[in-house]
Amino acid sequence: MTTAGIAFPGFRPAALSFFKGLREHNDPVWFKPRKAVYEAEVLAPLRQLVIAVGAALEEAGLPLAADPQRSIFRIYRDVRFSPDKRLYKTHAGAVLTRSGNKRDPGLLYLHLEPGESMVAAGFWHPEPQLLARLRRAILEDPDFFAGMADRLAIAGHPIASDARLSRPPRGFEAAKGTAVADYVCWKSFTARAPLRDDEMQSPALVERILGFARTAWPLLEWGWAAAEDEPAPLVIRAPLRPLPKPDF
């Protein structure tokens, strides 16, 4: 597949203007009369971008599936259990994964937001079993992980986590005092590249995203290899003193 027929011209200024307005007026009174603007200026172009990025990745031999129906996140927030009762997200996001399913581990994430747009890749808050495997992979070959992290940092896309433990988790005490101790405490492993507003409006956006994907690909391959590995059972230390009896 070639990308020539799937060129993406960039988002129009109206897409960014829409989200600027939504920041100030996050309520149905403002949104509902402008839903058509959202669909025409944000949703439709984002679907086109997903298709164009998917085609570019396929052409480059990077197997991430683009599904313009399943890849894009809804603009409506789930406020049932959140203290933040704003009804609408003030950004648009989409993910590409190997299966096309948002829950598939290891992803490329596209984010449109005035002044905060970006592309990211990696493993964001993976399920506990996968997180344990990622931590194990770090401990089993710390030099490989540290080298990969160094190369991404030099490229301007350091691996980061938005949440971490204060000490290595149970079963990973061997990490204490090592060069990778902090990494073993992480709950996510992602790299990102900021995208300026003018880049989001440029026909060169797909190539910019593709360039980042090529650079961040080793992080995805590392995580997928860890996910598919069959590790030996973790050795869990017994409590130092007996546990209290249950009160039932």
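Okay, so let's go over this structure. (Residues numbered from 1 in each chain as written. Predicted model: local features only at pLDDT ≥ 70, side-chain atom pairs only at ≥ 80, totals over all residues. Heavy atoms only, no water.)

### Topic: the packing of helix H5 (residues 142-154) against helix H8 (residues 205-228)
Line of reasoning, step 1. Across the interface, H5 lies against H8 with an axial gap of 9 Å and an inter-helix angle of 155°. With respect to their mutual orientation, H5 and H8 come out roughly antiparallel. Helix-helix and strand crossings are classified by hand; for H5 and H8 the assignment is left-handed. Two secondary-structure elements touch here, H5 through Phe-144, Phe-145, Met-148 and Leu-152 and H8 through Thr-215, Ala-216, Pro-218, Leu-219 and Trp-222.
Line of reasoning, step 2. Looking at the contact of H5 with H8 residue by residue, the classes come out as eight nonpolar, one polar and no charged. (Axes fitted to C-alpha atoms, helices over the stretch in contact; angles between N-to-C directions. Helix = DSSP H or I, 4+ residues; strand = E, 2+ residues; numbered from the N terminus. Parallel < 35°, antiparallel > 145°, perpendicular 65-115°, else oblique. Left-handed = near helix turned anticlockwise from the far one by under 90°. Contact = heavy atoms within 4.5 Å. Nonpolar A, V, L, I, M, F, W, Y, C, P; charged D, E, K, R; others polar.)

### Notes on the sheet that holds strand E1 (residues 92-96)
Sheet strands pair via backbone hydrogen bonds, and the direction of the pair is either parallel or antiparallel.
Line of reasoning, step 1. Pairing is antiparallel in the open sheet, where four strands are placed in the order E1-E2-E3-E4. Each edge of the sheet is formed by a strand with only one pairing partner; in this case those strands are E1 and strand E4 (189-194). Across the sheet, the axes of successive neighbouring strands diverge by a mean angle of 20°, strand direction being ignored.
Line of reasoning, step 2. Here six bridges tie strand E3 (residues 118-123) to E4, and the two strands are oriented antiparallel to one another. Pairing of Ala-121 across the sheet is with Ala-191, part of E4.
Line of reasoning, step 3. Along the sheet, H8 makes contact with strand E2 (107-112), E3 and E4, crossing E3 at roughly 10°. (Pairing = 2+ DSSP bridges.)

### Some thoughts on the packing of aromatic side chains
For any pair of aromatic rings, the description rests on two quantities: the centre-to-centre distance and the angle between the ring planes.
Line of reasoning, step 1. Taken as a whole and assessed by the stated rule, the structure comprises 17 aromatic pairs.
Line of reasoning, step 2. Ring centres of Phe-145 and Tyr-183 lie 4.8 Å apart, and the angle between their planes is 70°; this geometry places the pair in the edge-to-face category. Of this pair, Phe-145 sits in helix H5 while Tyr-183 sits in helix H6 (residues 181-184), placing them 38 residues apart in sequence.
Line of reasoning, step 3. Residue classification places Phe-145 among the buried positions, given a relative accessible area of 0%.
Line of reasoning, step 4. Each ring, one from Phe-189 and one from Trp-222, has its centre 5.8 Å from the other, and the planes form 70°; the classification is edge-to-face. Separated by 33 residues along the polypeptide, Phe-189 in strand E4 and Trp-222 in helix H8 bring together distant segments of the chain.
Line of reasoning, step 5. The buried category is assigned to Phe-189, whose relative accessible area is 0%.
Line of reasoning, step 6. By relative accessible area, which is 8% here, Trp-222 ends up buried.
Line of reasoning, step 7. Grouped by ring-pair contacts, the aromatic residues Phe-18, Phe-19, Trp-30, Phe-31, Tyr-38, Tyr-76 and Tyr-88 constitute a single cluster.
Line of reasoning, step 8. When the ring centre of Phe-73 is taken as reference, the NZ or CZ atom of Lys-102 above it lies at 5.4 Å. (Phe/Tyr/Trp six-rings, centres within 6.5 Å; stacked < 30°, edge-to-face > 60°. Buried < 20%, exposed > 50% of the residue type's maximum accessible area, 1.4 Å probe, protein only. Lys NZ or Arg CZ within 6 Å of the ring centre and 35° of its normal.)

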